[in-house]
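So the chains spell out like this:
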Amino acid sequence: MNLETATARLTGPVPQQAPAPDAEPRLPADFLLGAATAAYQIEGAVDTDGRGPSIWDTYSRTPGMVVDGHTGDVACDHYHRYAEDVALMADLGLSAYRFSVSWPRVQPDGRGRANARGLDFYRRLVDELLANGIEPWLTLYHWDLPQPLEDAGGWPARDTAHRFADYAALVHEALGDRVRNIITLNEPWCSAFLGYGSGAHAPGRRDPVAAVRAVHHLLLGHGFAVQAIRAARPDTRVGITLNLYPVTAYSDSKGDADAARRIDGLANRLFLDPVLRGAYPADVLGDLAPVTDFGHVRDGDLAVIAARMDHLGVNYYTRYVVAGPDSDQPASAQWRAPSAWPGSEHVRFLDRGLPRTAMDWEIDAPGLVEVLTRVAGEYPTPPIYITENGAAFPDEPAADGQVRDPDRVAYLRAHLLACQEAIARGVPVRGYFVWSLLDNFEWARGYSQRFGIIYVDYPTQRRIPKSSARWYADLIRSTSAPTSSRGE
Ligand code: FCB
């Protein structure tokens, strides 16, 4: 990307809140509408059938790391209740389900032969999905690195990329005949910068050099995995999921524009450029020069990382509005996780005062249109799937037992309208997965954040579809209905 164009785009007027949309989204009949989860967040059964420990077991059991000392030990007990959960998905009419495979179930030590009992769980799950007409979308890595691999150096160590490719090949060998769509990594930004930079996620290291090395080895692992999967079965469709954000400068001052360029670089371009163009962005290498000289990158790595993909997963939650140290607006400025941005610790993340979710993330549906048009406009992109989007709110059952979540309905509607808008602008968006199917273990926030369209009563493990689930089911029905009954 031409840096001047990028900077011009980043310094436009700060977007304000869009009016609440009331129209229902109208999406193409073949648009995939699904829901997403991740292994550690829902499965529980952490000692069952030979599963080994992961970095999230260790982290969540370390006092002070997760809210109220919560762990994924039981979570939604999905490991035992998967059939009931698939039945709920079928009731909603989901066309696809995105889940992740727990690496330590498949390779308890992170290397060597597969643990057949671990793989069997995913065979049962996939068979159940297929029997119910739900397309499985399998994520290989949603943050639960086997602890022995962390002990051997974790993602900052190059060997972990090779271990990941071996693991990918084992999973694909077992399930590749039934699973057509595979996502290698979920949000490598989080694995690297929260896991090794700020320490807000497992394994909780705070070392900017390790974080930047982790970025590279995650991406290299992705590339090796794509190669291994393609070599085994060229018809498997494989891609990566990135968490992308529009980044807007608070003002057009030089300092604010530079802050936006830096954060856009670390959050978006540090991942998009190598994966889709085979090169790290030069300005980001410059920003990170005080941290590392990228001596860990070897000849040929970027060609591996840029292996052709069949789809790009985009996770979208919010926008960043940022300011430099010279900004005129320090009063409303608030620091957010500054240590997650190596070399750019001086950047401030601004609070616009928009409605927020329980995670404290500002709601900004137009930002999704911006992310999508930007990616499709600036990069050679394969078909795009929104692999996560959703909101946490403090849902509780009413006296009649129903869980009414109008805020979530409004959130989902607005973001699906954003997909509709992106499609109208020519972006190849082909599907959308709500985060999440079930309330679940929200990482460092434990069970305090409810993202599900299905409520989980943790003490009894009872599931209650929220009103957003009913709304989503109606949308799926009307989207896939023959055009004549859609009033066209
Ligand atoms: C994403 C994660 C997902 C969930 C949502 C809220 O960053 O991929 O597991 O925690 O945020």
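Now for a look at the structure at hand.

### Side note on the site of the ligand
Next up, step 1: Around the ligand lies a shell formed by Q41, H142, W143, N186, E187, Y317, E388, W435, E442, W443 and F451.
Next up, step 2: Contact distances for the ligand include 2.9 Å between an oxygen atom and a side-chain N or O atom of E388.
Next up, step 3: A distance of 2.9 Å separates an oxygen atom of the ligand from a polar atom in the side chain of W443.
Next up, step 4: Taken by itself the ligand offers 300 Å² of open surface, and the protein chains cover 95% of this.
Next up, step 5: In terms of residue class, the shell around the ligand is built from five nonpolar, three polar and three charged.

### Thoughts on the sheet that holds strand 3 (residues 135-141)
Next up, step 1: In spatial order, the strands read 1-2-3-4-5-7-11-12; together these eight strands close into a barrel with parallel pairing. Sheet twist, expressed as the mean angle between neighbouring strand axes with direction ignored, is 25°.
Next up, step 2: Looking at chain direction, strand 1 (residues 32-36) and strand 2 (residues 96-100) are connected through three bridges and run parallel. Residue pairing across strands places G34 opposite A96, the latter belonging to strand 2.
Next up, step 3: Packed onto the sheet, helix 8 (residues 159-175) meets strand 3 and strand 4 (181-186) and runs at close to 160° relative to strand 3.

### Overview of the side chain of D395
Next up, step 1: Summarising the element assignment, D395 is placed in the loop between strand 11 (384-389) and helix 15 (406-424).
Next up, step 2: Within the structure, the side chain of D395 is placed 2.7 Å from the side chain of K466, a separation counted as a polar contact.
Next up, step 3: Sequence-distant contacts of D395, that is, excluding residues within four places in its chain, are made with V403, D405, R408, R450, Y455 and K466.

### Regarding the pairing of strand 8 (residues 320-323)
Next up, step 1: Here strand 8 shows a buried face lined by Y320 and V322 and a second buried face lined by V321 and A323.
Next up, step 2: Taken together, the three bridges between strand 6 (residues 247-249) and strand 8 define a ladder with parallel strand orientation. By the bridge assignment for strand 8, T248 is matched with V321.
Next up, step 3: Direction of pairing for strand 8 relative to strand 10 (residues 348-350): antiparallel, over a ladder of two bridges.

### As for the packing of helix 6 (residues 116-131) against helix 8
Next up, step 1: Running from amino to carboxyl end, helix 6 crosses helix 8 at an angle of 45°, the nearest separation of the two axes being 10 Å. It follows from the interaxial angle that helix 6 and helix 8 lie oblique. Of the two elements, helix 6 crosses helix 8, and the hand of that crossing is right-handed. Two secondary-structure elements touch here, helix 6 through L119, Y122, R123 and V126 and helix 8 through V171, A174 and L175.
Next up, step 2: Each residue belonging to the contact of helix 6 with helix 8 can be placed in one class, and the counts come to six nonpolar, no polar and one charged.

### A look at helix 9 (residues 188-198)
Next up, step 1: For helix 9, a buried count of eleven out of eleven residues is recorded, marking the element as mostly surrounded by other parts of the structure.
Next up, step 2: All of the buried residues in helix 9 are P188, W189, C190, S191, A192, F193, L194, G195, Y196, G197 and S198.
Next up, step 3: Looking at the buried side of helix 9, the elements it contacts are strand 3, helix 7 (147-151), strand 4, helix 10 (208-232), strand 5 (237-243) and helix 11 (254-277).
Next up, step 4: Positive backbone phi, at 80°, marks G199, one or two positions downstream of helix 9.

### As for the nonpolar core
Next up, step 1: Membership of the largest hydrophobic core comes to 156 residues, with the highest contact counts inside it found for W56, Y141, F193, L312, Y432 and Y472.
Next up, step 2: Top element by residues in this core is helix 10. It accounts for twelve residues.
Next up, step 3: Discounting chain neighbours no more than four positions away, the residues touching W56 are Y40, V66, W143, D144, H201, A202, F441, W443 and A444.

### Examining unusual backbone geometry
Next up, step 1: In the segment running from A202 into P203, the intervening peptide bond is cis, with an omega of 5°.
Next up, step 2: In this structure, P203 sits in the loop between helix 9 and helix 10.
Next up, step 3: Residue S436 is reached from W435 by a cis peptide bond, and omega for that bond is 15°.
Next up, step 4: Here S436 shows up in the loop between strand 12 (429-435) and strand 13 (454-457).
Next up, step 5: In the Ramachandran plot, D360 falls in the positive-phi region, its phi being about 80° despite a non-glycine side chain.
Next up, step 6: Structurally, the position occupied by D360 is in the loop between strand 10 and helix 14 (366-378).
Next up, step 7: You will see that Q461, though not glycine, has its phi angle at about 65°, which is positive.
Next up, step 8: Exposure remark for Q461: the relative accessible area of 6% places this residue in the buried category.

### Remarks on the pattern of salt bridges
Next up, step 1: Considering all chains together, one arrives at 46 salt bridges under this definition.
Next up, step 2: Among the salt bridges present, the one from R123 reaches D120, with a minimum N-O distance of 2.5 Å. Placement of both R123 and D120 in helix 6 is noted, with a separation of three residues, approximately one turn of the helix.
Next up, step 3: Judged by relative accessible area, D120 falls into the partly exposed class, the value being 29%.
Next up, step 4: Of the charged contacts in the structure, one is a salt bridge between E421 and R425, with a shortest N-O distance of 2.8 Å.
Next up, step 5: You can call E421 partly exposed: its relative accessible area is 33%.

### A look at the pairing of strand 13
Next up, step 1: The sheet contact formed by strand 13 and strand 14 (residues 462-465) spans four bridges and is antiparallel. Its bridge partner lying in strand 14, V456 is registered against R463.
Next up, step 2: Taken together, strand 13 and the strand that follows it, strand 14, pair antiparallel across an intervening segment of four residues, in which Q461 is found at a positive phi of about 65°.

### Considering the packing of helix 8 against helix 10
Next up, step 1: In contact at an axis separation of 8 Å, helix 8 and helix 10 are set at 35° when each is read in the N-to-C sense. Between helix 8 and helix 10 lies a crossing of right-handed hand. Note on element contacts: helix 10 touches helix 8 through H217, L220, G221, H222, F224, A225, A228, I229 and A232, opposite A161, H162, F164, A165, A168, A169 and H172.
Next up, step 2: Here the contact of helix 8 with helix 10 is composed, by residue class, of eleven nonpolar, five polar and no charged.

### A word on the environment of T236
Next up, step 1: Here T236 is to be found in the loop between helix 10 and strand 5.
Next up, step 2: With residues near it in sequence (within four places) discarded, T236 still touches H172, V179, R180, I182, I229 and D310.
Next up, step 3: Among the polar contacts listed, one links the side chain of T236 to the side chain of H172, at a separation of 2.8 Å.

Cut-offs applied
Residues numbered from 1 in each chain as written. Predicted model: local features only at pLDDT ≥ 70, side-chain atom pairs only at ≥ 80, totals over all residues. Heavy atoms only, no water. Near = heavy atom within 4 Å. Polar contact = N/O pair within 3.5 Å; in protein donor to acceptor, adjacent residues only side chain to side chain. Areas by Shrake-Rupley, 256 points an atom, 1.4 Å probe, with all protein chains shown as cover. Nonpolar A, V, L, I, M, F, W, Y, C, P; charged D, E, K, R; others polar. Pairing = 2+ DSSP bridges. Helix = DSSP H or I, 4+ residues; strand = E, 2+ residues; numbered from the N terminus. Axes fitted to C-alpha atoms, helices over the stretch in contact; angles between N-to-C directions. Contact = heavy atoms within 4.5 Å. Buried < 20%, exposed > 50% of the residue type's maximum accessible area, 1.4 Å probe, protein only. Parallel < 35°, antiparallel > 145°, perpendicular 65-115°, else oblique. Left-handed = near helix turned anticlockwise from the far one by under 90°. Core = buried A, V, L, I, M, F, W, Y, C linked by side-chain atoms within 4.5 Å. Salt bridge = Lys/Arg side-chain N within 4 Å of Asp/Glu carboxyl O.

Keep in mind these values describe shape, not function.
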